[in-house]
Amino acid sequence: MKQLPTNEILVGDCIELMNQLPENSVDVVFADPPYNLQLRGDLHRPNNSKVDAVDDAWDQFDDFAAYDQFTKAWMSAARRILKPNGTIWVIGSYHNIFRVGNELQNQGFWLLNDVVWVKTNPMPNFKGKRFTNAHETLIWASKTEKSKYTFNYEAMKASNDDLQMRSDWVLPICTGHERLKGEDGQKVHPTQKPESLLFRVLLSSTNPGDVVLDPFSGTGTTAAVAKRLGRKFIGLERDETYAAASRERLRQITDLADKEALQVMQSKRKEPRVPFGRLIEEGLLHPGDKLVSPCKKYVAKVRADGTIMTPKHTGSIHQVGAAIQNAPSCNGWTYWNLQSDGKRKVPIDLLRQKIRSDMQPRMQ
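Predicted model only: the values in this text are computed from it and were never measured.

Asks: Help me out: how do you make sense of the overall build of the protein chain in this one?
Replies: The helix and strand tally for the protein chain stands at 11 helices and 14 strands. In the protein chain, buried positions account for 45% of the 364 residues. Across the protein chain, contacts joining residues at least 24 apart in sequence account for 68% of those joining residues at least 6 apart. Approximately 20,100 Å² of the protein chain is accessible, and the part contributed by carbon and sulfur atoms is 49%.

Asks: Mind showing me how you'd approach the nonpolar core here?
Replies: Side chains of a nonpolar character, in soluble globular proteins, are inclined to be buried together. Formed by 31 residues in total, the largest nonpolar core has its most connected members in Met18, Val29, Trp74, Ile88, Leu213 and Leu236. The biggest single contributor to this core is helix α2 (residues 64–81), with seven residues. With residues near it in sequence (within four places) discarded, Leu213 still touches Met18, Leu21, Val26, Val28, Val29, Phe30, Ile81, Ile234 and Leu236. Counting residues in hydrophobic clusters, the runner-up holds 25 residues, among them Trp169, Leu202, Val225 and Leu250.

Asks: Could you clarify how one ought to interpret the environment of Ser159 in this entry?
Replies: Turning to its location among the elements, Ser159 is positioned in helix α4 (residues 153–159). Taking the C-alpha atoms as reference points, Ser159 and Leu203, separated by 44 residues in sequence, lie 9.9 Å from one another. In terms of polar contacts, Ser159 uses its side chain to reach the backbone carbonyl oxygen of Met156, at 2.9 Å.

Asks: Got a minute to help me understand the sheet that holds strand β12 (residues 314–315) in this structure?
Replies: Each strand in a sheet pairs with its neighbour through backbone hydrogen bonds, running either in the same direction (parallel) or in the opposite one (antiparallel). With antiparallel pairing, six strands are arranged side by side in an open sheet as β12-β11-β10-β9-β13-β14. Both outer strands of the open sheet, β12 and β14 (345–347), are each paired with one neighbouring strand and no more. In terms of strand pairing, strand β13 (residues 337–339) meets β14 through three bridges, oriented antiparallel. Bridged to Asn337 within β14 is Pro347. Strands in contact with helix α11 (residues 348–359) are β9 (290–292), β13 and β14; relative to β14, the strand with the most contacts, it is inclined by about 50°.

Asks: I keep staring at helix α3 (residues 97–106) and nothing clicks. Help me out?
Replies: The α-helix advances 3.6 residues per turn, and as a result positions three or four apart in sequence lie on the same side. Taken together, the buried positions of α3 are Ile97, Val100, Gly101, Glu103 and Leu104. Projected onto a plane normal to the axis of α3, the buried residues spread over an arc of 165° and lie on a single side. Turned more than 90 degrees away from the buried face of α3, the exposed residues are Phe98, Gln105 and Asn106. Tucked into the core, α3 has its buried residues touching α2, β3 (82–92), β4 (110–119) and β5 (135–142). Positive backbone phi, approximately 95°, marks Gly108, located one or two places after α3.

Asks: Even after reading the chapter, I still don't get the pairing of strand β2 (residues 26–31), so can you show me in this structure?
Replies: Residues in a regular strand point their side chains to alternate faces of the sheet. Of all six residues that make up β2, six are buried, and the element is covered over most of its length. In this sheet, β3 lies alongside β2 in parallel orientation, the contact comprising five bridges. Paired with Ala31 across the bridge in β3 is Val90. Two strands pair when backbone bridges link them, and β2 and strand β7 (residues 211–214) are joined in this way by two bridges, in the parallel orientation. Bridging from a neighbouring strand, Val29 pairs with Leu213 of β7.

Asks: Is there a simple way to think about α11 in this case?
Replies: With 12 residues, α11 extends 17 Å from end C-alpha to end C-alpha; this agrees with the ideal 16 Å at 1.5 Å per step. Turning to α11, its buried residues number three or more, namely Ile348, Asp349, Leu351, Arg352, Ile355 and Arg356. Buried residues of α11, seen end-on, are gathered within an arc of 155° and therefore sit on one face of the element. In α11, the exposed residues that point more than 90 degrees away from the buried face are Leu350 and Asp358. Buried-residue contacts for α11 involve α8 (276–281), β9, α9 (317–325), α10 (332–335), β13 and β14.

Asks: Help me understand the side chain of Arg356 in this model?
Replies: Topologically, Arg356 is positioned in helix α11. The exposure class assigned to Arg356 is buried, which follows from its relative accessible area of 7%. With residues near it in sequence (within four places) discarded, Arg356 still touches Glu271, Pro272 and Val274.

Asks: Would you mind going over the packing of aromatic side chains with me for this structure?
Replies: Describing an aromatic ring pair means giving the distance of the ring centres and the angle of the ring planes. On inspection of all chains with the given rule, the structure shows 12 aromatic pairs. Aromatic pair Trp140 and Tyr149: ring centres 5.5 Å apart, planes at 85°, arrangement edge-to-face. Among the residues examined, Trp140 registers a relative accessible area of 3% and is labelled buried. The ring of Trp117 carries Lys119 above its face, with NZ or CZ at 5.0 Å from the centroid.

Asks: Explain the pattern of salt bridges here, please?
Replies: Oppositely charged side chains can form a pair if their charged atoms are brought close together. Throughout the structure, instances matching the rule amount to 12 salt bridges. One salt bridge in this structure joins Lys83 and Asp27, with 3.1 Å as the shortest N-O distance. Taken together, the positions of Lys83 in strand β3 and Asp27 in strand β2 put the pair 56 residues apart, joining distant regions of the chain. Assessed through its relative accessible area of 15%, Asp27 is described here as buried. A salt bridge links Arg278 to Glu282, with the nearest nitrogen and oxygen atoms 2.9 Å apart. For Arg278, a relative accessible area of 25% translates into the label partly exposed. For Glu282, a relative accessible area of 43% translates into the label partly exposed.

The rules behind each value
- Residues numbered from 1 in each chain as written.
- Predicted model: local features only at pLDDT ≥ 70, side-chain atom pairs only at ≥ 80, totals over all residues.
- Heavy atoms only, no water.
- Helix = DSSP H or I, 4+ residues; strand = E, 2+ residues; numbered from the N terminus.
- Buried < 20%, exposed > 50% of the residue type's maximum accessible area, 1.4 Å probe, protein only.
- Contact = heavy atoms within 4.5 Å.
- Areas by Shrake-Rupley, 256 points an atom, 1.4 Å probe, with all protein chains shown as cover.
- Core = buried A, V, L, I, M, F, W, Y, C linked by side-chain atoms within 4.5 Å.
- Polar contact = N/O pair within 3.5 Å; in protein donor to acceptor, adjacent residues only side chain to side chain.
- Pairing = 2+ DSSP bridges.
- Axes fitted to C-alpha atoms, helices over the stretch in contact; angles between N-to-C directions.
- Arc of directions from axis to C-beta.
- Expected span 1.5 Å × (residues − 1).
- Phe/Tyr/Trp six-rings, centres within 6.5 Å; stacked < 30°, edge-to-face > 60°.
- Lys NZ or Arg CZ within 6 Å of the ring centre and 35° of its normal.
- Salt bridge = Lys/Arg side-chain N within 4 Å of Asp/Glu carboxyl O.

This is the structure in structure tokens:
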């Protein structure tokens, strides 16, 4: 098997380069393909100054058929190297995102979300003949419908003040100190993406150590954020000027020594299962200990076999909790509390978390 060239910016045609990589070797692909803006002449402001629009050769195609063929080719190459449980992100404007989305489905990707990046500081509409284009769309898709993809729901919720992260992301475009400029003071790349956008993408859908590939790397925003977050990156770029700017940008980023700080909060469903009887085996609970309900109305006695009992019911913490409430079900871990000293109540879920913590390997 060919070795994966991680943490590198490779120069060349992205399709050819991806075809040289091992199959099923990449966790996430983030693609910011050419927009195919179909510009017809220069765009000027009301004061007749020229707008610095995207008029580079890499964004020019003869017609829609040529663009569609290009999309099919790079996406097929990306799909081959994506792991079975991997995902792909594609960003675009109204010029290309619908054609890209169509090809994603044609190739068998399973659409998970379309995320709207609402720009707080979009470029004005100078001609006044249309609405101001104030957003771009990201499509997030898994390799197949059955892929067990990564989604760090709890981490995204925690980063959003404990509110579910929505699919409309209000973020500024890349400006100020983050914008890479050449010796002439001009922008190195016309469509450099903000690191805040890639931060959300990678934090939500990757874990430390995952491999992230960007087939249209540009000035290396994806690679830069991946390095900051402890992910491995592969950037593909056909323009040596952009690649050189990326390498210099990456050179200035220091790997974080505190690897534990890069860990993301995991979903409870991913945490190791701990049966109630384990608490007794570990000595965190003892036969005869008393568990009380939140309202202190009900008291249950812990038994040696991992069951609990009240005057009328015996069974698991879930069964007894449901029975005394006359409810169809009950999460006994969050319902019962240990009456430790007659006054203070300790949720038994805290005891479970202690065992889970001891089960986790320490980060080096």
